[in-house]
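Each chain, letter by letter, is given below.
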Amino acid sequence: IAEPYTYEHDGEPLFSITFPEGWYVDSDFMPEAKAGGPDTGLRILEAMPSDGTKLWFGIWVAPEKVKDFEAALEYVASLDGDLFTNVEFSRPLDTSFNGMPAKTFYGLARRLNEDVEFAVAIFEPQESLFTVALYVGRPQTWGKHQAQLDKVVDSIKPAAP
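Calculation rules
- Residues numbered from 1 in each chain as written.
- Predicted model: local features only at pLDDT ≥ 70, side-chain atom pairs only at ≥ 80, totals over all residues.
- Heavy atoms only, no water.
- Buried < 20%, exposed > 50% of the residue type's maximum accessible area, 1.4 Å probe, protein only.
- Helix = DSSP H or I, 4+ residues; strand = E, 2+ residues; numbered from the N terminus.
- Arc of directions from axis to C-beta.
- Salt bridge = Lys/Arg side-chain N within 4 Å of Asp/Glu carboxyl O.
- Contact = heavy atoms within 4.5 Å.
- Polar contact = N/O pair within 3.5 Å; in protein donor to acceptor, adjacent residues only side chain to side chain.
- Phe/Tyr/Trp six-rings, centres within 6.5 Å; stacked < 30°, edge-to-face > 60°.
- Lys NZ or Arg CZ within 6 Å of the ring centre and 35° of its normal.

Novice: Sorry, what's going on with helix α5 (residues 146-155) here?
Specialist: A turn of α-helix holds 3.6 residues, and therefore any two residues three or four places apart point the same way. Taken together, the buried positions of α5 are occupied by Leu149, Val152 and Ser155. The buried side chains of α5 occupy one side of the element, clustering within an arc of 125° when seen end-on. The exposed residues of α5 that point more than 90 degrees off its buried face are Ala147, Lys151 and Asp154.

Novice: Help me understand the pattern of salt bridges in this model?
Specialist: Opposite charge on two side chains lets them pair, provided their charged atoms get close. Inspection of every chain in the model, using the stated rule, returns three salt bridges. With a shortest N-O distance of 2.9 Å, Asp115 and Arg110 are connected by a salt bridge. Asp115 sits in the partly exposed class, given a relative accessible area of 39%.

Novice: What exactly am I supposed to notice about the environment of Val153 here?
Specialist: The topology assignment puts Val153 in helix α5. Distance from Val153 to Ile17, taken between C-alpha atoms, is 7.8 Å for residues 136 residues apart in sequence.

Novice: Can you help me understand helix α2 (residues 69-78) in this one?
Specialist: Taken residue by residue, α2 has Phe69, Ala72, Tyr75 and Val76 as its buried positions. The buried residues of α2 occupy an angular sector of 115° when the element is viewed end-on, so they sit on one face. Across α2 from its buried face, at more than 90 degrees, point the exposed residues Glu70 and Glu74. In this structure, the buried side of α2 is in contact with β5 (55-61), α3 (80-83), β8 (100-111), β9 (114-126) and β10 (129-137). Where α2 starts, the residue carrying a side-chain oxygen 3.2 Å from the main-chain nitrogen of Glu70 turns out to be Asp68.

Novice: Help me out: how do you make sense of unusual backbone geometry in this one?
Specialist: What is expected of a backbone is that most residues other than glycine have negative phi and most peptide bonds are trans. Even without being glycine, Asn86 reaches a positive phi, approximately 55°. With respect to the helices and strands, the residue Asn86 is situated in strand β6 (residues 85-89). Judged by its relative accessible area of 58%, Asn86 falls in the exposed class. Phi is positive for Leu112, close to 50°, though the residue is something other than glycine. As for its placement among the helices and strands, Leu112 is situated in the loop between β8 and β9.

Novice: Please explain the packing of aromatic side chains as it appears in this structure.
Specialist: Aromatic ring pairs: the centre-centre distance and the angle between the two ring planes describe each pair. Inspection of the entire model under this criterion finds 10 aromatic pairs. Taking 6.5 Å as the distance between ring centres and 15° as the angle between the ring planes, the aromatic pair formed by Phe19 and Trp23 counts as stacked. Aromatic pair Phe69 and Phe130: ring centres 4.9 Å apart, planes at 75°, arrangement edge-to-face. With a gap of 61 residues between them, Phe69 in helix α2 and Phe130 in strand β10 connect regions that are remote in the sequence. Here Phe69 falls in the buried class, since its relative accessible area comes to 16%. Among the aromatic residues, ring-to-ring pairing joins Tyr5, Phe19, Trp23 and Phe57 into one connected group. Here the guanidinium or amino end of Arg43 rests over the ring plane of Tyr7, the centre of that ring lying 5.2 Å away.

Here it is as structure tokens:
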């Protein structure tokens with residue numbers, strides 16, 4: 001049975017998320033945070049299927065300077081050059097994750113000379129604290145894993161106060 005992971009921020013539970021049973025989950029956060037430069041403070045919880053599928057799902061809290069959805073969208077757009085080239089994406093849609101305000105969008109890009117599809121969700125588990133969830137996969141991967149990925153997204157719940 002898949003166990004939920006609780007993401008903590010500043011020592012407090014912020015939200016929980018459940019990945020499919022058998023997925024590889026990296027919750028130590030350190031190498032990615034260090035790769036982001038000195039003290040980015042980013043703690044990335046990442047997961048991928050263990051069947052060798054080129055699919056990556058990461059979730060992290062945006063830097064403290066991000067105080068509203070407009071700034072959160074600008075922050076995500078600023079990552080493009082680091083992550084992708086030839087980016088094309090949809091207009092962000094307003095939605096919610098288990099009562100938390102959210103915006104989602106998706107697109108196509110190139111990463112490491114390969115075509116990829118991506119989906120981004122930005123949600124607000126606490127007032128003025130924004131979290132980014134990023135899915136990246138080879139084209140058609142979302143469709144092949146849609147049931148699992150939908151369950152991951154549906155599993156994101158705010159931590160009990």
